[in-house]
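So you can see what is in the structure, the chains are spelled out below.
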Amino acid sequence: MGSTVPPLTVPSPRSTVPLPTTGAPAPSNVTLKVTMALTGTVFALYVLVHMIGNLKVYTGAEHFDAYAHWLRTLAEPLLPYEGALWLFRAVLLVCLAAHVGASVLIVVRARRARGRVRRTGMGWRRLPATLMPYTGLVLLVFIVVHILDLTTGTRPVAPTGFVDPTRTSSDAYGNLVESLQRWPMALFYIVVMAMLFLHLVHGLWTLAQDYGVTGQRTRQVWALLALVFAGAVALGDLSIPIAVLAGWVG
Ligand code: HEM
């Protein structure tokens, strides 16, 4: 009587235990970071170019209005009137939606993962870093107010004498001056430019990490450049409500 040997069973590849998954959420944190970095770069370039355009206010109404009109006739006749402007607007809107969406996900995930633990050793960079969601929110509100004020001319945000642009001319200078002669509005612009500085300085610094910049010295140079860039944009813009309030422009 031989003992009964249980049949040897070889598990088929299909019956193996499922491979462990990382449980990583989608979109991945890397995708979110890259989205923030790319859209943030677009915004940084936009605010720089916009600030340089805004400085034309110091050259007088004729030049400033001609510049505003040129923005609407750019690339004509290849594109229709305001065609290029609408392309820019579409790109900015897509970037804004992606930037805000990605930032909300990053903030929520970071808070969930970190709990009450705080990062140390950040030095002067702690303040702008901590304020990022709040300065971002202020900028979002500002963009809406700013467009109602100087682009669509929607009252009561816009000044009473707002003049719409026509096919042949623009009154951007008059609109700007009339708006910023209202001191609460000028004050709002000044406060927002300080927020813009804080947001830009931290955003640009983060770009270094997101683009994989390494090396202590290179990072130090980048931090300095971020400070100079943010300072130049904020000061250039900030000077305008101050100049209007002081009567140097108007
Ligand atoms: C003191 C600072 C600023 C001044 C004096 C200023 C001035 C202006 C003016 C005059 C216009 C209307 C241009 C036109 O209709 O031809 C405009 C439009 C606009 N500005 Fe500013 N701006 C300032 C800061 C900013 C900042 C910081 C941002 C972004 C965060 C911004 C975003 C925009 C946008 C999105 C438009 C609408 C462009 C369009 O679609 O026509 N501005 N700005």
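Residues numbered from 1 in each chain as written. Predicted model: local features only at pLDDT ≥ 70, side-chain atom pairs only at ≥ 80, totals over all residues.

An unreviewed UniProt entry annotates the protein as Succinate dehydrogenase cytochrome b subunit of Gordonia phosphorivorans. As recorded by UniProt, the Subcellular location (unreviewed entry) comment attached to the protein reads in full: "Membrane". (UniProt positions renumbered as here; feature names shortened; annotations may be inferred.)

**Comments concerning the overall build of the protein**
Secondary structure assignment for the protein yields seven helices and zero strands. Seen in sequence order, the protein has helices and strands lined up from the N terminus as α-α-α-α-α-α-α. Sorting the 250 residues of the protein into buried and exposed places 20% on the buried side. Restricting the contact set of the protein to residue pairs at least 6 apart, pairs at least 24 apart contribute 72%. (Helix = DSSP H or I, 4+ residues; strand = E, 2+ residues; numbered from the N terminus. Buried ≥ 20, exposed ≤ 12 C-beta atoms within 10 Å, placed from the backbone. Contact = placed C-beta atoms within 7 Å.)

**Comments concerning the UniProt feature "transmembrane region" (unreviewed entry) in the protein**
Taking the UniProt record as the reference, the feature "transmembrane region" (unreviewed entry) is found at residues 34-53, 86-108, 129-148, 186-208 and 220-249. Structurally, residues 220-249 comprises 90% helix and 0% strand, and the distance from its first C-alpha atom to its last is 38 Å.

**So, unusual backbone geometry**
For the bond from Glu 76 to Pro 77, the omega torsion is 5°, close enough to zero to count as cis. By the secondary structure assignment, Pro 77 is in the loop between helix 2 (61-73) and helix 3 (83-114). Here Arg 155 and Pro 156 are connected by a cis peptide whose omega angle stands at 10°. With respect to the helices and strands, the residue Pro 156 is situated in the loop between helix 4 (126-150) and helix 5 (172-180).

**With respect to the packing of helix 2 against helix 5**
Packing of helix 2 against helix 5 leaves a shortest axis separation of 7 Å and a crossing angle of 110°. Relative to helix 5, the element helix 2 is oriented roughly perpendicular. Within the contact between the two elements, helix 2 uses Ala 61, Phe 64, Asp 65 and Ala 68 and helix 5 uses Ala 172, Tyr 173 and Gly 174. Among the residues making up the contact of helix 2 with helix 5, the classes are represented as five nonpolar, one polar and one charged. (Axes fitted to C-alpha atoms, helices over the stretch in contact; angles between N-to-C directions. Parallel < 35°, antiparallel > 145°, perpendicular 65-115°, else oblique. Nonpolar A, V, L, I, M, F, W, Y, C, P; charged D, E, K, R; others polar.)

**Structural notes on the nonpolar core**
If you look at soluble globular proteins, the nonpolar side chains tend to sit buried side by side. By size, the foremost hydrophobic cluster in this structure holds 28 residues, and its most contacted members are Leu 196, Phe 197 and Ala 230. Elements with a contribution of two residues or more to this core: helix 1 (29-54), helix 2, helix 5, helix 6 (183-210) and helix 7 (216-246). (Core = buried A, V, L, I, M, F, W, Y, C linked by C-beta atoms within 7 Å.)

**Observations regarding the packing of helix 1 against helix 3**
Packing of helix 1 against helix 3 leaves a shortest axis separation of 9 Å and a crossing angle of 135°. The angle between the axes of helix 1 and helix 3 places the two elements in the oblique class. By crossing handedness, the relation of helix 1 to helix 3 is classed as left-handed. Residue-level inspection shows Asn 29, Leu 32, Thr 35, Met 36, Thr 39, Gly 40, Val 42, Phe 43 and Tyr 46 of helix 1 in contact with helix 3, the latter providing Leu 92, Cys 95, Ala 98, His 99, Ala 102, Ser 103, Leu 105, Ile 106 and Arg 109. By residue class, the composition of the contact of helix 1 with helix 3 is 11 nonpolar, six polar and one charged. (Left-handed = near helix turned anticlockwise from the far one by under 90°.)

**Some thoughts on the environment of Ser 239**
Here Ser 239 is to be found in helix 7. A tally of 20 C-beta atoms within 10 Å means that Ser 239 is categorised as buried. For the pair formed by Ser 239 and Leu 55, sequence separation is 184 residues and the distance between their alpha carbons is 8.9 Å.

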